[in-house]
Each structure stands twice: as C-alpha cells, then as structure tokens.
Amino acid sequence: MLTGLQAQHRPTPAEHDRATFRPAPHWHAMDVEEVLHALKTSRKGLSSVEAERRLTRHGLNALPVKDRTRLWSLVVSQISDVMILVLLAAAVIAWAAGDVGDAVLITTVVVINLALGLGQHYRAERAVAALRELEKPVATVRRDGRIFSVPSAHLVPGDIMLVEAGDRVPADGRLIEAVQLRINESSLTGESVPASKHVRKLHLGAVPIGDRSDMVFMGTTVAAGRATAIVTETGMTAELGKIAGLLQAVEEPPTPLQRRLNHLGKRLAVATVALTALVFVVGLWRGEPFTLMLLTAVSLAVAVIPEGLPALVAIVLALGGLRMARRQALIRKLPAVETLGCVTAICSDKTGTLTQNVMSVVIIAHGGRLVEVTGDEYRPEGTFIENGNVVDPKDDEAFVQLLRGAALCTNAGLRLRDDRWTVLGDPTEGALLVAAAKAGLWKETLEGEYPRVAELPFDSDRKLMTTIHRDRTGRLWVVTKGGIDEVLARSTAVAWTGSVEPLTRYRRDQILRTNRELSSDGVRVIACGLRELDAMPSVEKLPGVESELLFLGLFGMMDPPRPEARVAVTRCRQAGIRPVMVTGDHLVTAEAIAVNLGIKRPADGVLTGAELEQLDADALERAVAATAVYARVSPEHKVKIVAALKRRGEVVAMTGDGVNDAPALKMADIGVSMGRGGTHVAREASHMVLMDDNFSTIVAAVEEGRIIYDNIRKFTRYMLSTNSGEILTVILAMLVGLPIPLLPVQILWINLVSDGLPALALGFEPPERAVMARPPRRPDETIFANGMGAHIVWVGLLMGIGTAAVFGWSVAQGDLVRAYTMAFFTLTAFQMFHVLAIRSEREALWTIGLWSNPRLLGAVLMAVAAQLALTYSPFLQTFFHTTALTGRELALCTAVASSVYIAVEFEKWLRRRAE
C-alpha cells in the first residue's frame, strides 16, 4: 500500500514554505483536539492517500544532504590564501630560472596544504551526515484506523505515531496518550534524568524544550512507558532539524594560527617584491650581468619567503597531535592544536563534561541524621559518612530498612559489563540500587527474601511508585517511593532516632526544611515510605495501600561533579582562562554544580535562556563579560553565547557531548567533544575529542598547545632572522660597492638545508618553565608580538654586517672565491649560534641545558658537518664555488658569527631583569 512513497521528490526550502500545513506557533499550549483540528487529522490517523499527498508537499522527514561544493571551487578557495599565492609565484619564478628542485619543493608544500584544507571540508560535511544517523529507520503509525510500519522518513504532520520503551522518537509530536512515559532528552537538553511526560497542555508562551512535558522530539529515546502522539514537525522543522540548520549555517572561523600566518604572508609578500626589486635594479645599475642578477633576485625571493614554514607548521602540529593522543586528547583538525594555546574562555556543558553523567545518591536523610555517600559512577563501592566519621548502615535497622525498601521498589538492574558497571533502566532507580549495594544490599538477593507480589507503576500524576512484597514469614510489606510532598501526604508516622514517632507538624517541618536545603544545593530528592498489610487487597482496592505510611527518609541524588574537574578549573584560572558553564539543565542544579567546582564565584552572574532571549546582541555582549553560568539554554542560545564572547575578542573553546552542542562546537574557535559518552554528531562537529571524557584533559591539551605555539614562534624567529640576514648581507655589500657576496646556489643551500633541519628540531623543544602560569596570548596578537619583529630585524642586521665585513676583508686579500667561501661559512655559522641562543625566549642556554633537546644538537652538528664538506670536499667545491679555508680564516668566521649568541643572551638577560 505504501510502496509508492519510496521515491518521493525532496522539496526545496521554497516548496517547504508553500506547504499547506504549517507548524502552529505553540503546539505545547494547545489541547489535543485543537492540534488534531489544526493538522486536519483524527485519532484514527490520516488516510494513505492523504499521507502521500502531504509527503509530496512537506518533503521527507529527513535531514537534507547539503549540496556538495564542487571540487574546483574548493581548490580555488584554498589557493586564494596570500601565503599560498606568494609560494606559487616563487615556484613559477624558480621554474623559469631553471631551478626545478626548488620549484618542485614549493609546489609540494602547496599541494599538502590543499589536501589538508579539502580534508577539513570533508569532515565538516560529515557532521550533518551524522545527524541523519539519529533518525529512526522505521516508525509505527496509525493510518486508516490501522497500525502500519513505515520508513520514518515518510512521516508527515498529522500522522499518529506510536512509541514504546527503547524506541527512538522519529519526529516531533504532541502527546495524545502517555502511559508512565519517560523520555531521555539529554542529547537535546543536557539533562541526565529522563523527563516525565503527560498529555495536559501547558501555558501559552515560549517554553524551553526541556519543559515541554506534553511533547516528544525527534532523536530522543523512550526510557520507559509507551505513548501515542500526533506528528507536528518533521525534517528540518523538527528540533533536531533546526540543529542541523544551525550546523549548516555556522561557518568555521579561521584559527588564530591561520590568521597569524595570513598576516605574515601579506608582510612577506610586500617585503619580497620591494627587496628583490631593489637588489635587481641596483645590480643592473652597477653593471652586473642581467642573468646573474635575475638568478640572484629569484634566489633572494625564495630566501625571503620561508617556503618551508607551512610544512614545518604542519609537521609540528601533527607531532603535537600525536603527543595529545597519548594524553587522551584526539585532534581532528590540526590547527586546533595551536588554537588551544591561546584560549581565553572555555564554555563547558555540564552533563557528562563537568559531571559524570550518572545519577548518584550523594546524601541520605533519615531519623534526623544526614549521611553522605561516596563513590564514582555506578560502581557499587563507597562509604557512608556522618559528621566526618565512616558509619556502617547495618548498625541501624531503620537505615537498612530504608535502603532495602528503595532497592525493592525499582524496576532497574545493575550489571557488570566489560569491567564497567551499568544500569539497565531508569538512572534514578539505578542510583538507589547502587546506594543499597554499597551497603551490601543487592536487589537480586533482596528479591529472593522479599518477592514482589504486586505493583502500582510510577505515574506522573501520582508521582509515586509502589510495590508489595511478601517476606519469609508471610507478612506483606508495601514500599512506596516518589516525590516528598506525595509521600509525606500519605504518611502518618516517621522513623526517627531509632524509634517510630507520629508524624507531627514539627517533624514534617523538619523534613521539609531538609528537603529545601538539599534542593537549594541542586540535589534531587526522593522520599521513601513503608507499610505492613494484614492481607492482600483486591485489584480495585490496590491504590488504597498508598496510605498510612511510615516515612523512612530521603535520598538526595545528583549527577556528581567529576573529582578531577575542580582541579582542572583551578588550573584554568591560574592560566588566565575563564571557565563558563552553558547547560540546558535547571538553574538551581547548574548553579550549585558551578559553585562546587569553582566556576561561579560570588561576583559572577547567572543567566537563563529565557532572560538571554530578551537581550539584543549588544546587551548580550556586555552580559557575557560577567556571566559564569547559563541555564536552560537552547542550541541557538549556545551559538549566541559563543558569538558574543568572540565579538569581545575572546578565543573560545566549547565543550559538549550532545546533539544540542554541535552548532556551538562548530562555531567556537575550538570545539571539544566527549569520546566515550558523547554523541557521534558532537564528535563530527568538534576539533578535538576527549577520549576519556575527562575535563582535566583539556588543561593538558591547553598546555600542549602553548608549548607548540612557543616552538612555532621559535622556528619562525629562526627562519626569518636567517632570511633577513641573507638579503641584508647582499644589500649591505652592494651599498658599499662590493661584489654580490653570496651566489644563487649558496643562497638556496642556506635556505633549503641549513634552515630546515635546525628549524624542524626546534619543534621538539621542551616546554618553557611556568608555561601554564602566564595569561593567554591576546587574540589579535601577531606572530611578531613581544619583540619578535624587532629581534628579526636587529639579528638580521647583525648577521648582514658581520657577513659583509668578513666578505669585504677577504675581497681585499684578492681572492674572490675565498671571499665567497668565507661569507658562505660565516652566515651558516651565524645560523647555528643563533638557533642555540633562541631555544628559550627568557632562559639562558646554560640554564635549560645543551642536551635537553638532543634533536637540535644533532641538527646543528649535521649542518656544521655539511658546511665543512662543502668547504673542503673537492667534488662539492666545484658545484658551490668554494675553496678550502685556513685555520685562521675558519676561526675568524666562527668568532664573528658567535657575536649573535652573545647578543641574544644579553637580550634575554635584559628581559629577565625587566620582568
């Protein structure tokens, strides 16, 4: 009957807008009959003919695949970067001048960068594709008054869909019937506790997703119960579809490193054109041969442009990514490695990121006592602590009675799978099972001693669950658990300090005061009561057993903070990074967790999604400066928060694990998702994945990012100082009337060989001391900041003057080939002394140790050995126009070159003294 729907046309957005049945503004505020009327349907469902007609108009209930960008346009966008254009120009010039090797090298670097860019675009497209995996392939619907199974993509507004425990909801819908229905909406709202649902309409107005208790949403999971609902939204109009739309609309910003390299590329482009043109014109004016000057200009152009820099950056980032992987941080996009080092704000989701994403009993109130419960996750291991002392629950029969009753009045199970304890069923009931197991009271054993003979399931109206058990003597026991108000209203006595007392107003007030104190700390409270029955009641009278209860006590439970998260937050603050909580959970719970972890301090503000909605862009930009906690926020709100922080100049990291986090993860400077507990959608949209779901791993990654950027600065300083030294040597020699001191082949050798190995070895430099005790770099800071630009200029000038002076002295001796050799050797020696001096921006070489980076020491020795070979090998002398130097000449070259080491160490001494 429905096979003809398989090949339906997918409407365009414009066709969507022309669809007949448009979503009502507030489905949650409408009665069931109003929804049925608005969608022109009935409880029997649509007819098959009408369903087919609506499918044609509304389109498939699927997230559309974004049209793939054509390959040629991607290539054009990648090569339009200024740095790449300059490299391509240099490759063309080198090829025209006959230097095929250098042209091939530059072209290879461009191809590598192009491949990396295309790979990033491919991963971005997979983020939306991952959202499609959340769609249920088959849905159960009522059409023509009968039940059918149809592809979920064929659901249309007005369909009547049926779901039950374990199902993934295939579309957004307004509930018609809900039987003990609880939905796990954590992927949309961030709440770890399944939401109870009912069919009563809510008030009119903007109600957050997490509070729309008469609605179900695409991509969520039915934790318990069953339901029938009218399909109200499908495809891109569903809440999950809106998130997909945000993902498609959000463009990833360039990373700080990309911005800095782009800035560097522009400045180098200007310098290349100006200096090479100057050298070429002056050389011709002096009467130098045209061919020699053309080759010299090309060589200097290649020297000015550090064509090896992009490759070195990619290598160092990749090596950093491998180191991070060993620390449980998987880097999906290489530039994110460096971006971590300049993060100024971390916007963190609460559930599963700062917390364990498990419900745990953390405190038990009974008989006037408050007992803390320790332990992690669902492991049945922990202690009970009262007033700082460890207590044994089995020493108090009332305590045992409370734990035993709570374990029996559950339908959940606790299982050990792959060395990890998990809960089968409702997480709240699982928390009660774990608490009882920590006292040695296992549900399986208890059920053998107290078999269940009847049950009154949990109902959202009663807010209670009751089970009846028979002990070995044949006595019947009623155990009731649920909301404190409901249990108290049905209780007549209370277990208090080892005895049973009447539930007086005074005792009731004491219990309610304890409840308020726990609730204000973000603790969810469940009460438990007990009653003995004389005889088993009839089915009709079964509800009456929930009366005349003995009030046993309260269980306070919450999704506890990760133990290591508090330390991680402290380290973030020490590093000048501001932690911010952004969650869909309730304000009280979020604020309590934030205070506990140190995220919210007394002067910090809190903001709810409803309040955020009232702020315009400027007001929000002002508000984010002082807000530490955002609660009950939607995916759109998260994107707005990240955008507001970035407008303030912040470099933002966003952590999260749910579908609702994906747009903000993509928009942030660096998105950090959870690898163990996170959704595939979040991982695909992120730049980095925490494989252990450990917030403290972010701090380790930030430290690694700072180390990597320090090392990028070091080899950039080294390469540009050397390049400026080369061109200034030529310019200074020409200004004083000397011949060109460096031949084209020598310039290319210095640029490609003497630069490369030491620069790469600088990428392995160990961390500077107190790398996490300094504030983050300013987002607008260029790579030349903190004196690096001045350093490049004066070091280049020192190299140029020293090399030109040695060259001039040797020319005066009358041997031009020897002069070339001495200038060649002197400039190379300048490089080696300089690379040793700049291993640290502040510490002296003798402080950090010559052997602390053996790779660099090896690179220096190899470069020196290669230079000696060029000087003394007859075979190589022919190619590089060199000759053997005397010991006196070699010493002169070395002594002059060592001046740069002394000068740089003096510069660092001045910096330390100033600090």
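See above for the structure.
Just so we're clear, the structure is a prediction, and the values are computed from it rather than from any experiment.

The rules behind each value
- What you see as residue numbers is a count from 1 along each chain, following the sequence as written.
- With pLDDT at 70 or above as the cut-off, local features in this predicted model cover only qualifying residues; side-chain atom pairs require 80 or more to be listed or tallied, and sums for whole chains, interfaces and linings still use all residues.
- Side-chain metrics rest on all non-hydrogen atoms present in the structure, leaving aside hydrogens and water.
- Put simply, DSSP H or I for four residues or longer makes a helix, DSSP E for two residues or longer makes a strand, and each gets a number counted from the N terminus.
- Type-normalised accessible area, obtained with a 1.4 Å probe on protein chains alone, sets the label of each residue: buried when under 20%, exposed when over 50%, and partly exposed for intermediate values.
- Contacts: residue pairs with any heavy atoms within 4.5 Å of one another.
- Here the open area of atoms and residues is found with the Shrake-Rupley method and a 1.4 Å probe, where only the protein chains shown may cover a residue.
- Here a pair means two rings of Phe, Tyr or Trp (six-membered ring of Trp) with centres within 6.5 Å. Their orientation is stacked below 30 degrees between planes, edge-to-face above 60, and tilted elsewhere.
- Only lysine NZ and arginine CZ atoms are considered, and such an atom sits over a ring when it is within 6 Å of the ring centre and within 35 degrees of the ring normal.
- Note on terminology: a nonpolar core comprises buried Ala, Val, Leu, Ile, Met, Phe, Trp, Tyr and Cys residues joined through side-chain atoms within 4.5 Å.
- A side-chain nitrogen of Lys or Arg and a carboxyl oxygen of Asp or Glu constitute a salt bridge if their distance falls within 4 Å.
- Think of it this way: DSSP has to see at least two bridges between two strands before they count as a pair.
- Axis definition: a line fitted to C-alpha atoms, over the contacting stretch in the case of helices. Angles run 0 to 180 degrees between N-to-C directions.
- Patch rule: a residue counts if its relative accessible area is over 30% and it has no salt bridge; like charges are joined within 9 Å, and nonpolar side chains (Val, Leu, Ile, Met, Phe, Trp, Tyr) within 5 Å.
- Here roughly perpendicular refers to angles of 65 to 115 degrees, roughly parallel to angles under 35, roughly antiparallel to angles over 145, and oblique to all remaining angles.
- Should the near helix be turned counterclockwise from the far one by less than a right angle, the crossing is left-handed, whereas a clockwise turn marks it as right-handed.
- The arc under discussion is defined with respect to the helix axis, by the directions toward the C-beta atoms.
- Grid spacing is 1 Å over the protein atoms alone, the probe is 1.4 Å, and a cavity is where that probe fits but cannot get out, while a pocket is an open set with protein on both sides within 12 Å along at least five of seven lines and lining residues have an atom within 4 Å of a point.
- Grid points are joined across faces, edges and corners, and a volume is the space filled by probe spheres set on the points.
- For this classification, the nonpolar set comprises Ala, Val, Leu, Ile, Met, Phe, Trp, Tyr, Cys and Pro, the charged set comprises Asp, Glu, Lys and Arg, and every other residue, Gly included, is treated as polar.

Lay out the overall build of the protein chain in plain terms, naming residues and giving numbers.
Looking only at helices and strands, the protein chain features 35 helices and 28 strands. Within the protein chain, the fraction of its 915 residues that count as buried is 56%. Within the protein chain, counting contacts between residues at least 6 apart in sequence, those at least 24 apart form 71% of the total. When the accessible surface of the protein chain is summed, it comes to about 37000 Å², and 59% of that surface belongs to carbon and sulfur atoms.

I'd like to hear about the packing of aromatic side chains, residue by residue, with values.
Applying the stated criterion to the full structure yields four aromatic pairs. On the basis of an interplanar angle of 85 degrees and a centroid distance of 5.8 Å, the ring pair of phenylalanine 384 and phenylalanine 399 is categorised as edge-to-face. You can see phenylalanine 384 sitting in strand β12 (residues 384-386) and its partner phenylalanine 399 sitting in helix α14 (residues 397-408), a full 15 residues away along the chain. Neither residue differs from the other here; phenylalanine 384 and phenylalanine 399 are each classed as buried. Taking the centre distance of 5.9 Å and the plane angle of 40 degrees together, the rings of tryptophan 421 and tryptophan 442 count as tilted. With a gap of 21 residues between them, tryptophan 421 in strand β15 (residues 420-424) and tryptophan 442 in the loop between α15 (427-438) and α16 (443-449) connect regions that are remote in the sequence. Overall, the relative accessible area of 32% leaves tryptophan 442 in the partly exposed class. Seen from the ring of phenylalanine 764, arginine 855 lies directly overhead, with NZ or CZ sitting 4.2 Å from the centre.

Which residues make up the environment of valine 567, and what values do they have?
For valine 567, the location among the structural elements is in helix α19 (residues 563-574). In this structure valine 567 comes out as exposed when scored by relative accessible area, which is 53%.

Describe the nonpolar core, with residues and values.
Ranked by size, the top nonpolar core spans 112 residues in total, and within it Ile511, Met688 and Phe715 carry the most contacts. Contact partners of isoleucine 511, with chain neighbours within four places excluded, come to Ile484, Leu488, Val494, Trp496, Leu503, Phe551 and Leu554. Listed in part, the 42 residues of the second largest apolar core include Ala407, Cys409, Ala439 and Ala493.

Hey, could you go over the pattern of salt bridges for me, with residue numbers and the actual values?
Taken as a whole and assessed by the stated rule, the structure comprises 36 salt bridges. Two residues, aspartate 31 and lysine 201, come together in a salt bridge whose shortest N-O distance is 3.9 Å. Here lysine 201 lies in the loop between β5 (195-196) and β6 (215-216) and aspartate 31 lies in the loop between α1 (13-17) and α2 (32-38), a separation of 170 residues in the sequence. Between arginine 717 and glutamate 841 there is a salt bridge; the shortest N-O distance is 3.5 Å. Residue arginine 717 is located in helix α26 (residues 696-735), and its partner glutamate 841 is located in the loop between α30 (816-837) and α31 (845-848); the two are separated by 124 residues in the primary sequence. Grouping residues by exposure puts arginine 717 and glutamate 841 together as buried. Taken together, the shared-partner salt bridges connect Glu50, Arg53 and Arg54 into one network.

Outline the sheet that holds strand β23 (residues 578-582), listing residues and values.
Strands sit in the order β8-β28-β27-β26-β9-β23-β25-β24 across an open sheet of eight strands; the sheet is mixed. Taken across any chain shown, the strands that pair with only one partner, and hence form the sheet edges, are β8 (329-331) and β24 (605-608). The sheet shows a mean angle of 20 degrees between the axes of neighbouring strands, direction not considered. As paired strands, strand β27 (residues 670-674) and strand β28 (residues 688-690) are joined by three bridges and run parallel to one another. When the sheet's bridge partners are listed, serine 673 is paired in β28 with valine 689. Contacting β8, β9 (345-348), β26 (652-656), β27 and β28, α26 crosses the sheet at an angle of about 135 degrees to β28.

If you had to explain the pairing of strand β25 (residues 627-631) to someone new, which residues and values would you point to?
Burial runs high along β25: five of the five residues are buried. As paired strands, β23 and β25 are joined by two bridges and run parallel to one another. Following the sheet pairing, valine 582 is matched in β25 by tyrosine 630. Where β24 lies against β25, four bridges are found, and the strand directions are parallel. Following the sheet pairing, valine 606 is matched in β25 by valine 629.

How would you summarise a nonpolar patch on the surface if you had to cite specific residues and measurements?
Residues Val864, Leu868 and Tyr872 make up a contiguous nonpolar surface patch of roughly 210 Å² in combined accessible area. The partly exposed category is assigned to leucine 868, whose relative accessible area is 31%.

For the packing of α26 against α30, give the residues involved together with the corresponding values.
Interhelical geometry of α26 versus α30 gives an angle of 155 degrees and a closest axis separation of 10 Å. If you check the angle between α26 and α30, you find them roughly antiparallel. Every pair of crossing elements has a handedness; the one defined by α26 and α30 is right-handed. The segment α26 lies against α30, with Arg717, Tyr718, Ser721, Thr722, Gly725, Glu726 and Thr729 engaging Leu827, Gln831, Met832, His834 and Val835.

Lay out the environment of alanine 837 with the relevant residues and their values.
Residue position: alanine 837 is located in helix α30. Given the relative accessible area of 0%, alanine 837 is considered buried. Counting along the chain gives 63 residues from alanine 837 to valine 900, while the straight-line C-alpha distance between them is 8.2 Å. When sequence neighbours within four positions are dropped, the list of residues in contact with alanine 837 reads Tyr901, Val904, Glu905 and Lys908.

So what's going on with helix α3 (residues 48-58)? Which residues, and what values?
Within the span of α3, buried status applies to Ser48, Glu50, Ala51, Arg54, Leu55 and His58. On an axial view of α3, the arc spanned by its buried residues comes to 155 degrees, and they lie on one face. Following α3 by one or two positions, glycine 59 adopts a phi angle in the positive range, close to 85 degrees.

Outline unusual backbone geometry, listing residues and values.
A positive phi angle, close to 50 degrees, is found at lysine 40, a residue other than glycine. Mapped onto the elements, lysine 40 comes out in the loop between α2 and α3. The backbone of arginine 632 sits at a positive phi, close to 55 degrees, despite the residue not being glycine. Residue position: arginine 632 is located in the loop between β25 and α23 (635-647).

Explain empty space enclosed by the protein residue by residue, including any values.
Scanning all chains against the criterion turns up six cavities of 30 Å³ or more. By volume, the second largest cavity is sized at about 60 Å³. With four residues, helix α35 (residues 899-914) is the largest single contributor of residues to the lining of the second largest cavity. Class assignment for the residues of the lining of the second largest cavity results in three nonpolar, two polar and five charged.

Please give an account of the side chain of aspartate 159 that cites residues and values.
Residue placement: aspartate 159 occurs in the loop between β2 (146-151) and β3 (160-164). When its relative accessible area of 0% is taken as the criterion, aspartate 159 is described as buried.

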